[in-house]
Amino acid sequence: MDRLDAFLKRLDADAALIHRPENIRYLSGYAGEGCLFVSRDMRVILTDFRYVEQAGRQAPDWRVARTTSERKGPEIARELAAEAGARSMRVETDYLTHDDFLALSEALTGVELRPMAGIPEALRQIKDAEEISCIREASRIASQAFINILPRLHAGMTEIDAKIELEFEMLRLGSEGPAFDTIAAAGVNGSLPHAVPSKHVIAEGELLTLDFGATYRGYLSDITRTVAFGGVSPELRAIYDTVHDAQQLALEAIGPGKRCCDVDRVARDYIDARYPGAFGHSLGHGVGLFIHEQPRVSANDATVLMPGHVVTVEPGVYIPGVGGCRIEDTVIMTSDGFVNAMHAPKHLIEL
Ligand code: ZN
Ligand code: ZN
């Protein structure tokens, strides 16, 4: 209810239609398909037969309007807009397909349709206590899964094997599913920041980067750990140490009142002095119901971090033909610092 109140305060329109699943869940608690109609006095879930009961259970304070093939969403939206006396309505033009938007425009003649302009996303940046407890649980599951599979990781297994171990373990520990497509990249594949796990057989002397996350009550976590198989070369060890130190420096720099771009620069300057150009992505991103949300911990995001912001800190070094390394934690800003939600070890583990 607090979230919905805050949303209506910023709406600056008579009503809104919300289609993005994360925003539907955030504002109503409902996690099925369909959309929301919201006005000052009305809150309605529009969905089809398959989800009517679920909507009633997950969002008992909301009216449910059942869509059918004869009476589709846009037509019901028109009736609801008339009932609410709405002359202006915000819709997620950055999410709807062109066809969806045309259908709404045709149905809602006389109602001015305005872009949502990221209002729910802006609210979602600052997590409340309930959201933080879900992210902490998703983080605990991911960290523990990493610790639990370490004895099962060995040279001779494939990247896909490693991914299966991780995802199985997270499910066993209570994850609702992977937070995103798990990354497992060994050897020279490690220089691809978003490598797709392959049948590459992990060999002694290689680094393996695992980037993964769990889901708990819809909330996600995001962690990366890089491990070594057998003794790695001084070159790979130096890469690992550089990333490890850069991440530590960034964690020392982060906190409430700090600007995202300044935290990014701490890690970037450190890596660029040693491996120029090898850290080509931003330092981190917000995490919540969606894996990449605002704010971005990047050179061009001047957001001042505040209590309730949840962001990743994930520097990396990627050298084509040699390999790569990334270390990532999900951290939660508090009034006097931050909580690192990840308890998995970060020293170089040699298996
Ligand atoms: Zn990640
Ligand atoms: Zn990440």
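Parameters at a glance
- Residues numbered from 1 in each chain as written.
- Chains lettered and ligands numbered in written order.
- Predicted model: local features only at pLDDT ≥ 70, side-chain atom pairs only at ≥ 80, totals over all residues.
- Heavy atoms only, no water.
- Helix = DSSP H or I, 4+ residues; strand = E, 2+ residues; numbered from the N terminus.
- Expected span 1.5 Å × (residues − 1).
- Buried < 20%, exposed > 50% of the residue type's maximum accessible area, 1.4 Å probe, protein only.
- Arc of directions from axis to C-beta.
- Phe/Tyr/Trp six-rings, centres within 6.5 Å; stacked < 30°, edge-to-face > 60°.
- Lys NZ or Arg CZ within 6 Å of the ring centre and 35° of its normal.
- Donors = N, O, S within 2.8 Å, 3.2 Å for Na, K, Ca; no water.
- Tetrahedral: all angles 85-135°; square planar, octahedral: opposite > 155°, others 65-115°.
- Pairing = 2+ DSSP bridges.
- Axes fitted to C-alpha atoms, helices over the stretch in contact; angles between N-to-C directions.
- Polar contact = N/O pair within 3.5 Å; in protein donor to acceptor, adjacent residues only side chain to side chain.
- Contact = heavy atoms within 4.5 Å.
- Domains from an automatic or database assignment.
- Buried area = accessible area lost by both parts, 1.4 Å probe.
- Salt bridge = Lys/Arg side-chain N within 4 Å of Asp/Glu carboxyl O.
- Nonpolar A, V, L, I, M, F, W, Y, C, P; charged D, E, K, R; others polar.

A. Quick peek at helix α9 (residues 234-253). Helix length check: α9 (20 residues) gives 28 Å between terminal C-alpha atoms against 28 Å at 1.5 Å per residue, within 8%. Among the residues making up α9, those that are buried are Leu236, Ile239, Tyr240, Thr242, Val243, Ala246, Gln247, Ala250, Leu251 and Ala253. Taken around the axis of α9, the buried residues stretch over an arc of 165°, which confines them to a single face. Seen from the buried face of α9, the exposed residues on the opposite side, beyond 90 degrees, are Pro234 and Glu252.

B. View of unusual backbone geometry. Here the amide bond leading from Gln294 into Pro295 is cis, since omega sits at -5°, within 30 degrees of zero. Residue position: Pro295 is located in strand β13 (residues 293-297). Non-glycine residue Asp12 carries a positive phi angle of around 55°. With respect to the secondary-structure elements, Asp12 resides in the loop between α1 (2-11) and β1 (15-18). According to the relative accessible area criterion, Asp12 is exposed, its value standing at 59%. Of note, Ala117 is a non-glycine position whose phi angle comes to about 55°, a positive value. With respect to the element layout, Ala117 can be found in the loop between β6 (112-115) and α6 (119-124).

C. How the structure looks around the packing of aromatic side chains. Going through the model one piece at a time under the given rule, you end up with 0 aromatic pairs. Here the basic side chain of Arg268 rests over the ring of Phe279, its NZ or CZ set 4.1 Å away from the ring centre. Of note, Arg274 hangs over the ring of Tyr270, and the distance from its end group to the ring centre comes to 3.7 Å.

D. Summary view of the coordination of the zinc ion (ligand 1). Coordination of the zinc ion (ligand 1) by the protein involves Asp211 (OD), Asp211 (OD), Asp222 (OD) and Glu328 (OE), with metal-donor separations of 2.0 to 2.7 Å. Coordination at the zinc ion (ligand 1) comes from 4 donor atoms whose angles at the metal span 54 to 152°, giving a geometry best classed as irregular. Spacing between the donor residues of the zinc ion (ligand 1) along the chain follows D-x10-D-x105-E. Between the zinc ion (ligand 1) and the zinc ion (ligand 2), a spacing of 3.1 Å is present, and a bridge between the two is formed by Asp222. Taken together, the positions of Asp211 in strand β8 (residues 207-212) and Asp222 in the loop between β10 (219-220) and β11 (223-228) put the pair 11 residues apart, joining distant regions of the chain. Residue Asp222 is classed as buried on the basis of its relative accessible area of 3%.

E. Just the sheet that holds β1, in detail. Within the open sheet, the 6 strands sit side by side as β4-β3-β2-β1-β5-β6. Their pairing is mixed. Of all strands in the sheet, those bounded by a partner on one side alone are β4 (63-66) and β6. Each adjacent strand pair in this sheet contributes to an overall mean axis angle of 25°, direction not counted. Judged from the 3 bridges that link them, β1 and strand β5 (residues 88-91) form a sheet pairing that is parallel. Each bridged residue has a counterpart across the sheet, and for Ala15 the counterpart in β5 is Met89.

F. Summary view of the side chain of His285. Position of His285 among the secondary structure elements: in strand β12 (residues 284-286). Of the polar contacts made by the side chain of His285, one reaches the side chain of Asp222; its length is 2.9 Å. Residues within four places of His285 in sequence aside, it is in contact with Asp222, Ile291, His292, Glu293, Pro295, Arg296, Val297, Val310, Val311, Thr312, Glu314 and Glu328.

G. Main features of the coordination of the zinc ion (ligand 2). Coordination of the zinc ion (ligand 2) by the protein is provided by Asp222 (OD), His285 (NE2), Glu314 (OE) and Glu328 (OE), with metal-donor distances spanning 2.1 to 2.2 Å. Coordination at the zinc ion (ligand 2) comes from 4 donor atoms whose angles at the metal span 77 to 151°, giving a geometry best classed as irregular.

H. Just the domain arrangement of the protein chain, in detail. Under the domain assignment used here, the protein chain contains domain 1 (2-124) and domain 2 (129-340). Each partner contributes to the roughly 630 Å² buried at the junction of domain 1 and domain 2, and carbon and sulfur atoms together form 47% of this total. Of all residues in domain 1, the largest losses of buried area upon contact with domain 2 belong to Glu22, Arg25 and Arg124, amounting jointly to 65% of the total for that side. Of the charged contacts in the structure, one is a salt bridge between Glu130 and Arg3, with a shortest N-O distance of 4.0 Å. Between the two partners, domain 1 and domain 2, sit 2 residue pairs in polar contact (both at pLDDT 80 or more). Counting residues per element, the side of domain 1 that touches domain 2 draws most heavily on helix α2 (residues 21-28), at 3 residues. Its residues assigned to classes, the side of domain 1 that touches domain 2 comprises 1 nonpolar, no polar and 4 charged.

I. Spatial organisation of the sheet that holds strand β7 (residues 183-186). Taken together, 3 strands build an open sheet; the order of strands is β7-β8-β11 and the sheet is antiparallel. With partners counted over all chains shown, the strands left at the sheet margins are β7 and β11, one partner each. Neighbour-to-neighbour, the strand axes of the sheet open up by a mean angle of 15°, direction not taken into account. Relative to β8, β7 runs antiparallel, the two being bridged by 4 bridges.

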